[in-house]
Amino acid sequence: MFIGRLSYALAVDPKGRLVIPQKVRDEIDKRDGDLEVMFGVFGAPCLKLYTKTQFELITRALEEALDDSLENDRKKRLFYSAFVEVSIDKQGRVTIPATLMRRAGVTSQVVVIGTKDRVEFWDEKSFEAYEQQAGNADDATTVEILGRARRALAAQGTKENG
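In short, a report on the structure. (Residues numbered from 1 in each chain as written. Predicted model: local features only at pLDDT ≥ 70, side-chain atom pairs only at ≥ 80, totals over all residues. Heavy atoms only, no water.)

A word on the overall build of the protein chain
Note the following rule: Labels follow the DSSP assignment, with helices taken as runs of H or I lasting at least four residues and strands as runs of E lasting at least two, numbered in each case from the N terminus. The rule is simple: take the accessible area with a 1.4 Å probe, protein chains only, and divide by the maximum for that residue type; under 20% is buried, over 50% is exposed, in between is partly exposed. Throughout, a residue-residue contact means that at least one pair of heavy atoms, one from each residue, lies within 4.5 Å. All accessible areas in this document rest on Shrake-Rupley with a 1.4 Å probe, and a residue is counted as covered only by the protein chains that are shown.
For the protein chain, the count of helices and strands is five helices and eight strands. Secondary structure elements of the protein chain occur, N-terminal to C-terminal, as β-β-α-β-β-α-α-β-β-α-β-β-α. Within the span of the protein chain, comprising 162 residues, buried residues form 35% of the whole. Once local pairs closer than 6 in sequence are excluded, the contacts in the protein chain between residues at least 24 apart make up 60%. Just so you have it, the protein chain exposes about 10,000 Å², and 54% of that area is on carbon and sulfur atoms.

With respect to the nonpolar core
We apply this condition: We call a set of buried Ala, Val, Leu, Ile, Met, Phe, Trp, Tyr and Cys residues a nonpolar core when their side-chain atoms join them within 4.5 Å.
Grouped together as the largest cluster of nonpolar side chains are 25 residues, with contacts concentrated most on Phe39, Leu47 and Phe121. Of all the elements in the fold, those that place two or more residues in this core are strand 1 (2-11), helix 1 (22-32), strand 3 (36-40), strand 4 (47-51), helix 4 (98-104), strand 7 (109-116) and strand 8 (119-123). The next biggest cluster of nonpolar side chains, apart from the first, holds eight residues, and it includes Leu62, Leu66, Phe79 and Ala82.

What to know about the pairing of strand 4
Two faces, one strand: in a regular strand the side chains alternate between the faces of the sheet. To be explicit about the condition: At least two bridges found by DSSP between two strands is the condition for calling them paired.
Judged by how many residues are buried, strand 4 sits mostly within the fold: five of five residues are covered. Covered by surrounding structure in strand 4 are Leu47, Leu49 and Thr51 together with Lys48 and Tyr50, the residues of both alternating faces. Where strand 3 and strand 4 come together, four bridges link them in antiparallel fashion. The residue bridging Phe39 from the neighbouring strand is Leu49, located in strand 4. Hairpin connection of strand 3 to strand 4: six residues between the antiparallel strands, including Gly43 at a positive phi of 70°. Sheet topology places strand 4 next to strand 8; three bridges connect them, and they run antiparallel. Bridged to Leu47 within strand 8 is Phe121.

Laid out in structure tokens, this is it:
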């Protein structure tokens, strides 16, 4: 599982390469048995890394949810075009296409965030601004999420004991 801030201020080298933290590489290898991953940019302004297995689950759900209408075909095209398959080299680096780096707003320093099923690579300044903007709203969201989780666990315990 990818959870928390996994790295502070990693440098992007002049060739557009990022070093994937060892903890992340170990988890990817454990999950998939290789170091082929999918990088993409959509939603939040950051690079999102998925293992190939996780990405296949997402694409299967997408294909099941959307029929072959022209509008859904457009949505799928935009989604798939936002991703690229990359290999992590022996030094733990990946080369990200410049177009994805620009779309994500990644410049020279990145912060690496684990969000359970994926890893996000944020431009350091963009993430600091995001954290400041979120402020207390995120505290309220966290309290709400934890409350829902406690209620779900309590309900699950009631079913198992009942």
